Protein chains: 2
Amino acid sequence: MLYSINPVHVLVADDTGELAMAAPHKTAPKPEPGEERLEFLADLVGYHLRRASIRDMQGMSAALESLSLRAVPLSVLLMIVENPGISAADICRAIGLKRANIVSILAELEQRGLFLREADPNDNRVQKLFPTRTGKELTAEALERLKDHEDHLLCALSGSERAELRRLLMKVWQGDEGD
Amino acid sequence: MLYSINPVHVLVADDTGELAMAAPHKTAPKPEPGEERLEFLADLVGYHLRRASIRDMQGMSAALESLSLRAVPLSVLLMIVENPGISAADICRAIGLKRANIVSILAELEQRGLFLREADPNDNRVQKLFPTRTGKELTAEALERLKDHEDHLLCALSGSERAELRRLLMKVWQGDEGD
DNA sequence: TATTGTTATACTCTATAACTATA
DNA sequence: TATAGTTATAGAGTATAACAATA
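Just so it is clear, the model here is predicted, and its values are computed rather than measured.

J.: Please clarify how the protein's contact with DNA strand C should be interpreted in this entry.
T.: In the vicinity of DNA strand C lie 20 residues, with A:R70, A:N101, A:N124, A:R125 and B:A89 positioned nearest. A breakdown of the atoms of DNA strand C within 4 Å of the protein gives sugar and phosphate a share of 56%. In this structure, a base nitrogen belonging to DNA strand C sits 2.9 Å away from a side-chain N or O atom of A:N101. The side chain of B:R125 places a nitrogen or oxygen atom 3.0 Å from a base oxygen of DNA strand C. Of all elements in the fold, only α4 (99–111) of chain A together with α3 (88–95) and α4 (99–111) of chain B reach the threshold of two or more residues within the surface near DNA strand C. When its residues are assigned to classes, the surface near DNA strand C shows 6 nonpolar, 4 polar and 10 charged.

Right, dumping it as structure tokens:
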């Protein structure tokens with residue numbers, strides 16, 4: 001039963017690609033006074049934003065899986081590669097991690113030989129982090145895979161559509177700058 | 001220090017609106033043979049998709065907070081409101097929840113008087129779930145707030161831009177249908 | 001044998017609090 | 001006092017395994 005739920009409207013999703021948060025659909029009962037008709041989630045841009053982002057994230061995870069990298073550890077490694085000598089605290093500020101939570105991430109990246117710690121001569125509290133050659137190579141490989149993933153994600157869009165989508169998305173997230 | 005990291009490029013973010021996963025930027029060193037230049041994350045549509053989705057989700061959480069509703073419980077309630085008599089297992093299939101995880105969600109929604117359980121005369125294993133008037137009203141209020149949130153999220157876009165954004169996003173997430 | 005609702009449990013991600021050593 | 005790195009811990013959210021009742 002429940003074939004009546006189709007299509008399913010989504011706001012959240014699990015790791016398997018399945019979707020959560022269904023919503024109203026077709027055959028809307030005529031709005032009654034005092035019980036107005038609900039908006040359909042499928043009308044909301046946010047609904048499609050969510051689904052597109054879910055597909056992106058899933059593809060990203062898959063693209064990085066064989067490198068044994070997930071998004072946050074890659075973010076940390078990328079910060080080190082692009083900013084050699086950066087401190088852990090600065091990474092946390094830059095990418096919004098809590099200081100407590102970068103410890104285990106760095107421990108694993110260090111154990112894999114992807115970066116080295118060095119004492120900061122100017123401040124004995126801080127450790128300066130430097131990428132190893134292996135770390136740089138893994139980062140480059142990861143970013144290549146992200147690019148390939150993106151090409152697959154957007155395969156239904158033309159070049160100009162991709163540019164327009166990027167432009168519109170930038171306006172969406174930059175809209176909070178005036179908050 | 002670290003003013004050099006600007007702008008920060010993001011792939012993941014925490015609950016506070018801060019961002020994670022910075023990326024390369026400007027002044028790219030000339031690509032050397034065997035050490036090719038990395039893509040800039042800010043060039044990736046997925047980067048902006050992620051940031052836009054983050055802003056959307058945060059606004060959604062904020063919009064629902066005073067109703068003591070989060071995305072998944074609202075999804076479940078919405079399924080009941082839009083499909084009176086639905087079973088918990090069918091909700092789970094529709095929105096991608098594991099059966100084990102809907103139990104506590106239903107317990108809370110039930111305690112708040114938002115729906116009622118009724119035995120299914122055709123199958124004694126299943127409980128049919130029906131929304132109460134309170135549940136319907138809360139759902140309507142929640143969806144109104146989601147609509148208000150959307151208006152704020154997209155305030156920088158014109159009507160035609162919103163329509164175009166929705167069209168492009170649909171092409172992105174529907175691109176996985178041929179997989 | 002398969003399904004429903006349920007309990008117990010584990011794992012990931014993220015949050016706070018508190019410690020130590022430095023500044 | 002403020003900050004860096006660290007530890008411990010707690011809370012979401014989501015995953016699996018197993019059970020009793022029913023089909």
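Right, picking up where we left off after that structure.
J.: Looking at this structure, how should I read the protein's contact with DNA strand D?
T.: In the vicinity of DNA strand D, 23 residues are found, and the nearest of them are A:A89, A:A100, B:R70, B:N101 and B:N124. When atoms of DNA strand D within 4 Å of the protein are split into backbone and base, the sugar-phosphate part holds 62%. Measuring from a phosphate oxygen of DNA strand D, one finds a backbone N or O atom of A:Q127 at 3.1 Å. The separation between a phosphate oxygen of DNA strand D and a polar side-chain atom of B:R70 is 2.8 Å. For the surface near DNA strand D, the elements supplying multiple residues, two or more each, are α3 (88–95) and α4 of chain A together with α4 of chain B.

J.: Hey, could you run me through the environment of B:R125 in this one?
T.: Here B:R125 is to be found in the loop between β3 (115–119) and β4 (127–131). Among the polar contacts listed, one links the side chain of B:R125 to the side chain of B:D123, at a separation of 2.9 Å.

J.: Even after reading the chapter, I still don't get the pattern of salt bridges, so can you show me in this structure?
T.: Close approach of charged atoms allows side chains of opposite charge to pair. Counted under the stated rule, the structure contains 22 salt bridges over all chains. Here A:E108 and A:R112 are joined by a salt bridge, their closest N and O atoms 3.8 Å apart. Notably, a salt bridge pairs A:R162 with A:D151, separated by 3.7 Å at the nearest N-O pair. Separated by 11 residues along the polypeptide, A:R162 in helix α6 (residues 159–174) and A:D151 in helix α5 (residues 133–153) bring together distant segments of the chain. According to the relative accessible area criterion, A:R162 is partly exposed, its value standing at 22%. One continuous salt-bridge network, built from bridges that share partners, spans A:E161, B:E164, B:R167 and B:K171.

J.: Any chance you could explain the packing of aromatic side chains here in plain terms?
T.: Given two aromatic rings, their pairing is described by the distance between the two centres and the angle made by the two planes. By the definition in use, this model includes 2 aromatic pairs over all chains. Where A:Y47 meets B:W173, the ring centres are 6.4 Å apart and the plane angle is 85°; that geometry is what we call edge-to-face. With one member in each of two chains, A:Y47 in helix α1 (residues 45–65) and B:W173 in helix α6 (residues 159–174) form a pair that bridges those chains. For the pair A:Y47 and B:W173, one class covers both residues: buried. Its guanidinium or amino end placed over the ring of B:W173, A:R51 lies 3.8 Å from that ring's centre, counting from NZ or CZ.

Here is what the cut-offs are and how they apply
Residues numbered from 1 in each chain as written. Chains lettered and ligands numbered in written order. Predicted model: local features only at pLDDT ≥ 70, side-chain atom pairs only at ≥ 80, totals over all residues. Heavy atoms only, no water. Near = heavy atom within 4 Å. Polar contact = N/O pair within 3.5 Å; in protein donor to acceptor, adjacent residues only side chain to side chain. Helix = DSSP H or I, 4+ residues; strand = E, 2+ residues; numbered from the N terminus. Nonpolar A, V, L, I, M, F, W, Y, C, P; charged D, E, K, R; others polar. Salt bridge = Lys/Arg side-chain N within 4 Å of Asp/Glu carboxyl O. Buried < 20%, exposed > 50% of the residue type's maximum accessible area, 1.4 Å probe, protein only. Phe/Tyr/Trp six-rings, centres within 6.5 Å; stacked < 30°, edge-to-face > 60°. Lys NZ or Arg CZ within 6 Å of the ring centre and 35° of its normal.

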